[in-house]
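One letter stands for each residue in the lines below.
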Amino acid sequence: MTRTTMRKTAWASLAAGTVLAVAVGTWSMAGTGGTAQRPVVLELFQSQGCSSCPPATANLNALADRPEVLALSFGVTYWDQLGWKDSFAKPAFTDRQKAYARGLGAQLGTPQMVVEGREDLIGTDARDVELALRRARPAMDATVAVSRGRVEIGAGQAPKAGADVWLVRYDPRVQQVAIQRGENNGKTLPHRDVVRELTRLGGWNGAPVAFATTPPADPALRTAVLVQAKNGGPILAAARL
């Protein structure tokens, strides 16, 4: 069985030292689902060895420079044994997709895009992606301030079960990956906004909280912070540098 068939089966069901502060509240920017305070969080779960993934990856790449979108590409591990080991994949990224599968009632498969932790789609049709972005209404249930070495979450409305605070480090540069085996054998695939680090800083229960952070291993990596309902729930607040 090819990975494409397996996928279809599954789917059948600012500079250092600068502080970025995001105010409570939300209103739409013209023509997008983004807000004046923060971008729409768009996550792609893909594998370099999946023949169905390049169109979704290309769609994410095309959105990488749009200020109203925070595009994040996560490599998953569960296709690694089928001919090509994804060079960006980590078990933590697979776990994140599994949490979304439980939270959204979706089956595990690639490609998958998740918008704001509230909606998922395959992501291979650029029109579908654009419509999903326009439908998004990003919540800002707390202020988020990110500075060099520190993340601060203000007071706000948290779910009864609380929320997680995630530190995301991603690479905005184009990464050209030459695939040498598997379904994409012989292709060179460009990737952007590849997530390299995903760290849970701690929890948030509605009271102000602060976390110390360390610099990224690679100074070229950019930083984003997501406040998210537990177990793959909705994004409650976000900020990026």
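This text goes with the structure placed above it.
These figures come from a predicted structure and were not determined experimentally.

1. What about unusual backbone geometry?
Then, in step 1: Following Thr110, the chain continues to Pro111 via a peptide bond in cis, the omega torsion being -5°.
Then, in step 2: Structurally, the position occupied by Pro111 is in the loop between helix H3 (91–104) and strand E4 (112–115).
Then, in step 3: One non-glycine residue with positive phi stands out, namely Asp193, at about 50°.
Then, in step 4: Checked against the element boundaries, Asp193 lands in the loop between strand E10 (188–191) and strand E11 (194–204).

2. Re the pattern of salt bridges
Then, in step 1: The full count for this structure, using the stated rule, is 15 salt bridges.
Then, in step 2: A salt bridge links Asp171 to Arg173, with the shortest nitrogen-to-oxygen separation between them at 2.8 Å.
Then, in step 3: On the basis of relative accessible area, Asp171 is assigned to the buried category, the value being 2%.
Then, in step 4: Residues joined by salt bridges that share partners form a network here, namely Arg66, Glu68, Glu130 and Arg134.

3. A short note on the environment of Ala210
Then, in step 1: With respect to the helices, strands and loops of the structure, Ala210 is situated in strand E12 (residues 209–212).
Then, in step 2: For Ala210, a relative accessible area of 36% translates into the label partly exposed.
Then, in step 3: The residues touching Ala210, leaving out its near neighbours within four places in the chain, are Arg150, Val151 and Glu152.

The rules behind each value
Residues numbered from 1 in each chain as written. Predicted model: local features only at pLDDT ≥ 70, side-chain atom pairs only at ≥ 80, totals over all residues. Heavy atoms only, no water. Helix = DSSP H or I, 4+ residues; strand = E, 2+ residues; numbered from the N terminus. Salt bridge = Lys/Arg side-chain N within 4 Å of Asp/Glu carboxyl O. Buried < 20%, exposed > 50% of the residue type's maximum accessible area, 1.4 Å probe, protein only. Contact = heavy atoms within 4.5 Å.

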